[in-house]
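Geometric and topological summary
In case you want the letters, here they are:
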Amino acid sequence: MSNNLENSKRESITSGGGRRQYRECENLQTISPEHHPPAKRHRMNAVKAEAPQEEKRANFSALGNSNGQATLLKMPTNNLAAKPGDIKKLVIKNFKSKPVLPENYQERTWEKLEKAVVAIQTSKPIAYSLEELYQAVENLCSHKMDAQLYSKLYALTEAHVKANIEPFLADPMDKLVYLKNMNACWQSHCQLMIMIRSIFLYLDRTYVLQNPTVHSIWDMGLDLFRKHIALNVLVQKRTVDGLLILIEKERTGDSVDRTLLKNLLRMLSDLQIYQLAFEDKFLIATRQLYQAEGQRMMQELDVPEYLLHADKRLAEENERLLHYLDPSTKPQLIYTVEKQLLSEHLTGILQKGLDALLEENRIGDLQLLYSLFSRVKNGTVELCATFNQYIKKKGRTIVIDPEKDKSLVQDLLDFKDKNDNIVNSCFEHNDKFVNSLREAFEFFINQRANKPAELIAKYVDLKLRAGNKEATEEELEQILDKIMVLFRFIHGKDVFEAFYKKDLAKRLLVGKSASVDAEKSMLSKLKQECGGGFTSKLEGMFKDMELSKDINIAFRQHLVGQEKDYNTSIDLTVNILTMGYWPTYPIMDVTMPPQLVALQGLFSKFYLAKHSGRKLQWQPTLGHCVLKAVFDQGPKDLLVSLFQALVLLHFNQKDTLAFEELKSISNIEDGELRRTLQSLACGKARVITKIPKGREIEDGDKFQFNNEFTNKLFRIKINQIQMKETTEEQKATEERVYQDRQYQIDAAIVRIMKMRKTLSHNLLISELYKQLTFPVKPADLKKRIESLIDRDYMERDKDNQNQYNYVA
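Thresholds applied
Residues numbered from 1 in each chain as written. Predicted model: local features only at pLDDT ≥ 70, side-chain atom pairs only at ≥ 80, totals over all residues. Heavy atoms only, no water. Helix = DSSP H or I, 4+ residues; strand = E, 2+ residues; numbered from the N terminus. Buried < 20%, exposed > 50% of the residue type's maximum accessible area, 1.4 Å probe, protein only. Contact = heavy atoms within 4.5 Å. Areas by Shrake-Rupley, 256 points an atom, 1.4 Å probe, with all protein chains shown as cover. Pairing = 2+ DSSP bridges. Salt bridge = Lys/Arg side-chain N within 4 Å of Asp/Glu carboxyl O. Expected span 1.5 Å × (residues − 1). Bend = angle between axes of the 7 residues up to and from the residue. Axes fitted to C-alpha atoms, helices over the stretch in contact; angles between N-to-C directions. Parallel < 35°, antiparallel > 145°, perpendicular 65-115°, else oblique. Left-handed = near helix turned anticlockwise from the far one by under 90°. Core = buried A, V, L, I, M, F, W, Y, C linked by side-chain atoms within 4.5 Å. pLDDT = per-residue confidence, 0-100. Patch = residues over 30% accessible without salt bridge, like charges linked within 9 Å, V, L, I, M, F, W, Y side chains within 5 Å. Lys, Arg positive; Asp, Glu negative; His and termini not counted. Charge placed at Lys NZ, Arg CZ, Asp CG, Glu CD. Phe/Tyr/Trp six-rings, centres within 6.5 Å; stacked < 30°, edge-to-face > 60°. Lys NZ or Arg CZ within 6 Å of the ring centre and 35° of its normal. Polar contact = N/O pair within 3.5 Å; in protein donor to acceptor, adjacent residues only side chain to side chain. Nonpolar A, V, L, I, M, F, W, Y, C, P; charged D, E, K, R; others polar.

**Overview of the overall build of the protein**
Scanning the protein from terminus to terminus reveals 32 helices and eleven strands. Looking at the 808 residues of the protein, the share that counts as buried comes to 43%. Sequence-distant contacts, at least 24 apart, represent 69% of the contacts inside the protein between residues at least 6 apart. Counting only carbon and sulfur atoms, one obtains 51% of the accessible surface of the protein, whose full area is about 45,000 Å².

**Brief notes about the pairing of strand β11 (residues 803-806)**
It is a general feature of regular strands that their side chains alternate between the two faces of the sheet. The sheet contact formed by strand β9 (residues 758-760) and β11 spans three bridges and is antiparallel. The residue bridging serine 760 from the neighbouring strand is glutamine 803, located in β11. Strand direction decides the pairing type here: strand β10 (residues 794-796) and β11, joined by three bridges, are antiparallel. Residue pairing for β11: glutamate 795 is matched across the bridge by asparagine 805. Once β10 ends, the chain turns through six residues before running back antiparallel as β11.

**Considerations on the pattern of salt bridges**
The tally for this structure, following the rule as stated, stands at 46 salt bridges. One salt bridge connects arginine 756 with glutamate 767, and the closest N-O pair in it is separated by 3.1 Å. Residue arginine 756 is found in helix α30 (residues 728-756), and its partner glutamate 767 is found in helix α31 (residues 761-771); the two are separated by eleven residues along the sequence. Through salt bridges with shared partners, one network takes in Glu250, Arg251, Arg258, Glu317, Glu319 and Arg320.

**Brief notes about helix α25 (residues 532-560)**
Over its 29 residues, α25 runs 41 Å from end to end, which matches the ideal 42 Å to within 8%, given 1.5 Å per residue. Helix geometry: α25 is bent most strongly at leucine 538, by close to 30 degrees.

**Considering the packing of helix α4 (residues 105-121) against helix α8 (residues 175-199)**
Relative orientation of the contacting elements α4 and α8 amounts to 160 degrees, with a least axis distance of 9 Å. Accordingly, the angle class assigned to the pair α4 and α8 is roughly antiparallel. By crossing handedness, the relation of α4 to α8 is classed as right-handed. Where α4 approaches α8, its residues Leu113, Val117, Ile120 and Gln121 are matched on the opposing element by Leu192, Met195, Ile196 and Ile199.

**Describing the nonpolar core**
If you look at the biggest cluster of nonpolar residues, it comprises 151 residues, and the most contacted ones within it are Phe200, Phe278, Phe496, Tyr500 and Met522. In terms of residue count, the dominant contributor to this core is α8 (ten residues). If sequence neighbours within four positions are ignored, phenylalanine 496 has contacts with Ala453, Ile456, Ala457, Val460, Phe487, Ile490, Met522, Leu526 and Phe534. Ranked by size, the runner-up nonpolar core spans 33 residues in total, among them Met592, Val647, Ile697 and Ile718.

**Section: the environment of methionine 193**
Following the sequence through the fold, methionine 193 ends up in helix α8. On a C-alpha basis, the gap between methionine 193 and leucine 222 in space is 9.0 Å, while along the polypeptide they are 29 residues apart. If we skip the residues at most four places from it in the chain, methionine 193 touches Thr157, Ile217, Trp218, Met220 and Gly221.

**Let's talk about the sheet that holds strand β3 (residues 624-631)**
Judged by pairing direction, the sheet is mixed, and its three strands sit side by side in the order β3-β4-β8 without closing on themselves. The sheet is open, and its two edges are formed by β3 and β8 (715-717), each paired on a single side. Pairwise comparison of adjacent strand axes, ignoring direction, gives a mean angle of 30 degrees for this sheet. Sheet topology note: the strand β4 (residues 634-641)/β8 ladder contains three bridges and is parallel. Counterpart to aspartate 637 in the pairing with β8 is arginine 715. In the packing of helix α27 (residues 642-649) onto the sheet, the strands contacted are β3 and β4, and the crossing angle to β4 comes to about 135 degrees.

**Examining the confidence of the model for the protein**
Per-residue confidence for the protein gives a mean pLDDT of 81; residues scoring 70 or more make up 85%. Here strand β1 (residues 11-13) stands out as the least confident element of the protein, with mean pLDDT 33; helix α17 (residues 363-373) is the most confident, with 95. Predicted confidence is poor over residues 1-82, with pLDDT under 50, and the contacts of this stretch with residues over four places away or in other chains come to 93 contacts.

**Some remarks on a negative patch on the surface**
Where like charges cluster on the molecular surface, the negative patch consists of Glu473, Glu474, Glu475 and Asp517. Ranked by residues supplied to the negative patch, first place goes to helix α22 (residues 473-489) with three residues. Relative to the assigned elements, aspartate 517 resides in helix α24 (residues 516-530). Take aspartate 517: its relative accessible area is 57%, and that puts it in the exposed class.

**Concerning the sheet that holds β11**
Pairing within the open sheet is antiparallel, and its three strands lie in the order β9-β11-β10. Two strands lie at the open edges of the sheet, namely β9 and β10, each paired on one side alone. Strand-to-strand, the axes of this sheet are offset by a mean angle of 30 degrees, without reference to chain direction. Strand contacts of α31: β9, β10 and β11, with the helix running at about 90 degrees to β9, the strand carrying the most contacts. In the packing of helix α32 (residues 778-790) onto the sheet, the strands contacted are β10 and β11, and the crossing angle to β10 comes to about 105 degrees.

**Examining helix α6 (residues 146-164)**
Taking 1.5 Å of rise per residue, the 19 residues of α6 would be expected to cover 27 Å, and the 27 Å separating its terminal C-alpha atoms lies within 8% of that figure. All of the buried residues in α6 are Asp146, Leu149, Tyr150, Leu153, Leu156, Thr157, Glu158, His160 and Val161. On its buried side, α6 packs onto α4, α5 (130-142), α8, α9 (201-210) and α10 (217-230).

**A look at the packing of aromatic side chains**
Summed over all chains, the structure comprises 25 aromatic pairs. Summarising the aromatic geometry, the rings of phenylalanine 168 and tyrosine 178 are spaced 5.7 Å apart at their centres and angled 80 degrees between planes, so their arrangement reads as edge-to-face. Residue phenylalanine 168 is located in helix α7 (residues 166-169), and its partner tyrosine 178 is located in helix α8; the two are separated by ten residues in the primary sequence. Of the two residues, phenylalanine 168 and tyrosine 178, neither departs from the other in class, the shared state being buried. By way of ring pairs, the aromatic residues Tyr390, Phe415, Phe441, Phe444 and Phe489 are connected into one cluster. A cation over an aromatic ring shows up here: lysine 416 above the ring of phenylalanine 441, its NZ or CZ 5.9 Å from the ring centre. Here lysine 493 stacks its cationic end above the ring of phenylalanine 487, 5.4 Å away from the centre of that ring.

**Observations concerning the side chain of histidine 228**
Looking at the secondary structure, you find histidine 228 in helix α10. Among the polar contacts listed, one links the side chain of histidine 228 to the side chain of glutamate 158, at a separation of 2.9 Å. Contact partners of histidine 228, with chain neighbours within four places excluded, come to Glu158, Val161, Lys162 and Ile165.

**With respect to unusual backbone geometry**
Residues isoleucine 691 and proline 692 are joined by a peptide bond in cis, for which omega reads -5 degrees. One can find proline 692 in the loop between β6 (688-691) and β7 (702-705). For serine 123, which is not glycine, the phi torsion reads 60 degrees and is therefore positive. Inspection of the secondary structure puts serine 123 in the loop between α4 and α5. For aspartate 792, which is not glycine, the phi dihedral falls at a positive 65 degrees. Assessed through its relative accessible area of 58%, aspartate 792 is described here as exposed.

**As for the packing of helix α11 (residues 233-251) against helix α13 (residues 274-300)**
The contact between α11 and α13 brings their axes to 10 Å, and the two run at 35 degrees. Handedness of the α11/α13 crossing: right-handed. Across the interface between the two elements, Gln236, Val240, Leu243, Leu244, Ile247 and Arg251 from α11 touch Ala277, Phe278, Lys281, Phe282, Thr286, Leu289 and Tyr290 from α13. In terms of residue class, the contact of α11 with α13 is made up of nine nonpolar, two polar and two charged.

The following block contains the structure:
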């Protein structure tokens, strides 16, 4: 068959009226044979030569060539009667010669196509059907005229594009009108190229595909528009300047035609000159605008307002990217805005407003600050560093001022809670900020040696006392957890241990502990944090209290079994304290009532009989009693210390006693006696009266039992006036800590030297810093080294004075 028949596959005839329909589909459609055009019907009839329907004969008149007949080879008639299953072969032969086009067909066809293209370009009606034009293009391409056809179409399109540039080179017009005209020109060009391509589609799909160096019809149109219009220096400048002016107007708050911007920027992108012609200039204009704006706004606005402005600007630029800018512009555009509004002003923003935002707990503003700083290089690093400086500065003001000691721990807890909340909710629990907060707390809390550790221990004592009913067990547990966070920061943990042990002893001995569970929970936390060695003595105190309960039960049973009639009206409870576990208390030899002396003797005899070789030493300073007192208004139970009881018992023999007389008969130390009398005569529950009246106890004062004492309660606790802990007791505790540290340093030095045998001074100091858990100065270490040399534990090397040798 001829080629033109092989490629004729885009037309069909409807069965209703025989009207031709234009199809642009690529694949053959399956239709009934009678609907095929004559050329195709010939081919199908040739295939069906064996069918008996002789009335449907092939019509070859459409070929226009009498010589171009297909030779049809019919099977012999006797084959028609062949047995079923026999193979029937059909042979189809090509035409002997190809059909030829009429004379001047190319010229007449191009004239027809040219008229159609010009009509499209001038927006006039086309005189021919699209199917006819399409078939004409197909026929020319099939007869090797595709190159000439493409060349003529190129020249025709180029002439039209060149004619369109004239209005854009005329005298300058209004920028907006100019942009609208350019958009109209571009849209028109795209539409006509789509229509032209639909006519020349066969050319596009055969000739262009077979020649890689030739542009498709669409790309040819773009190339011509780019070459003759878009790349014209004057046209390009006026178009880009107009676009930049429109964008600048929008940035200053004016309303602009975003559709126009979108179309023209899409045009530049389609023409592949977006970056060269527009993007670079746009980014320069953006940088200049925001550079000036950033500097001006930093002067005019407070930090929260400036952050809102920067965030708004970034949102606006993202919106422009969404509506009309090319997506490829996004990285550089956003980087430019961030650089000019944020990166260039990181230090200024932080110095100007971060402290105020943190101080006022501006959660929303801090969240925005972190969000914006996370976008720029080194933003979070600088924010973290400034945050760290603020914590150290603010925390140091809390710790250093002695006047704030009473509220120091609570202030630290509140400060920690506040900043934890900021780190979690504003800084997204960033590990850098978490670690920075921890480092800052550890730094400032140790700026004042020992005192924070002491105050934290006292705060724990306050929370664990029975008198503290302000928190439930769950709340108390939460408070203890927070206390442990502060405890981790302090370096002088041995100071905390000393004061905690002293306060724990009072709580256990006086029965002031709020909850045994809470006490053991705190002990467990300390053990988990510092190890068993840290809490061994504290655990020993609890063991002593448990053993003492069993001993007292056994002692009472022992008294019941005695034949002698002992005074059983006094209920004696004794706590046996292991000296190594408990704090050291001053020994006072006071005059005890005979009844108590007798009971003490009985207990000593009972205990030593069971535990031979041990020594008991009574501690009157820790004792407390319940006295039954009778007043004019009725009997009362008085809960008093042992010293208060000794004073009150003397009023059984005499109603009025002088200070000197009480001192002589009780043998209580002067200062302790004055505090005891002050609590009885000058406190809230005045069971004795002082003569003359006054707050201070002076020599010569007299005291009288107050029969007229009244109180709505039957059981009354009379608090002992506490000795101010800032003096002797506090100094004694600190001295014990200092002494313990010296022992630990000595032990560490001997342990290191015993293992190493020979070591230089610097290496020894370095090893000591690794092993010691408390802060220590090099001078203190040097003193302990000298002390050990004097005691012959080690010696200086004879050849090198900076080296030490262990003495076995």
